Amino acid sequence: QVQLVESGGGLVQAGGSLRLSCAASGRTFSSYGMGWFRQTPGKEREFVAGITLNGGSTYSTDSVKGRFTISRDNAKNTVYLQMNSLKPEDTAVYYCAASFGSVRVRTRAQEYDYWGQGTQVTVSS
């Protein structure tokens, strides 16, 4: 069982930055690939970025490439999403998720085993 708790969301102006954190419980964090997803009302959950269990590989969706960076610190059981040059269309609830044994980045929500409760990111124009 893995419990995930996101933090770092909030209100920011367009062009600003936020860093989301996701703290995981348990001693097996390094056995999980991690991902960030986002969701707006009435839409499906959208993949944003992912990282393999050892941090050796990352992948992000085209709309955030060059602006968002995913990273992890296995010693701290934490995954991060650094978000720069934020745009109003980045407004969403952001979720982190864990996928057991992920040696490649997984981009589909159904490939993830555990989810956090989400944190709201609002970007004003």
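Residues numbered from 1 in each chain as written. Predicted model: local features only at pLDDT ≥ 70, side-chain atom pairs only at ≥ 80, totals over all residues. Heavy atoms only, no water.

Our focus in this paragraph is the overall build of the protein. Secondary structure assignment for the protein yields zero helices and eleven strands. Starting at the N terminus and walking to the C terminus, you meet the elements of the protein as β-β-β-β-β-β-β-β-β-β-β. For the protein, whose C-alpha radius of gyration is 13 Å, the value lies close to the compact-globule estimate of 14 Å for 125 residues. Reported as C-alpha extents along the three principal axes, the dimensions of the protein are approximately 40 × 25 × 25 Å. Considering only contacts within the protein whose residues lie at least 6 apart along the sequence, 60% involve residues at least 24 apart. Accessible surface, the protein: about 6300 Å² in total, of which carbon and sulfur atoms supply 45%. A distance of 4 Å separates the average location of the 13 positive side-chain charges in the protein from that of its 9 negative side-chain charges. (Helix = DSSP H or I, 4+ residues; strand = E, 2+ residues; numbered from the N terminus. Rg over C-alpha atoms; globule rule 2.2 N^0.38 Å. Contact = heavy atoms within 4.5 Å. Areas by Shrake-Rupley, 256 points an atom, 1.4 Å probe, with all protein chains shown as cover. Lys, Arg positive; Asp, Glu negative; His and termini not counted. Charge placed at Lys NZ, Arg CZ, Asp CG, Glu CD.)

Quick look at the sheet that holds strand E1 (residues 4–7) now. Read from one edge to the other, the open sheet built from four strands follows the order E1-E3-E8-E7, with strand pairing classed as antiparallel. The sheet is open, and its two borders are formed by E1 and strand E7 (68–73), each paired with just one other strand. The sheet shows a mean angle of 15 degrees between the axes of neighbouring strands, direction not considered. Inspection of the sheet shows strand E3 (residues 18–24) paired to strand E8 (residues 78–83) by six bridges, in the antiparallel sense. Across the sheet, Ala23 pairs through a bridge with Thr78, a residue of E8. (Pairing = 2+ DSSP bridges. Axes fitted to C-alpha atoms, helices over the stretch in contact; angles between N-to-C directions.)

Time to look at the pairing of strand E9 (residues 92–100). Burial of E9 is extensive: seven of the nine residues sit out of reach of the surface. In terms of strand pairing, strand E4 (residues 32–39) meets E9 through eight bridges, oriented antiparallel. By the bridge assignment, Arg38 is partnered in E9 with Tyr94. Note: E9 against strand E11 (residues 119–124), three bridges, orientation antiparallel. When the sheet's bridge partners are listed, Val93 is paired in E11 with Gln120. Examined bridge by bridge, E9 and strand E10 (residues 114–115) share two bridges and lie antiparallel to one another. In the sheet register, Ala98 faces E10, and the bridge partner there is Tyr114. (Buried < 20%, exposed > 50% of the residue type's maximum accessible area, 1.4 Å probe, protein only.)

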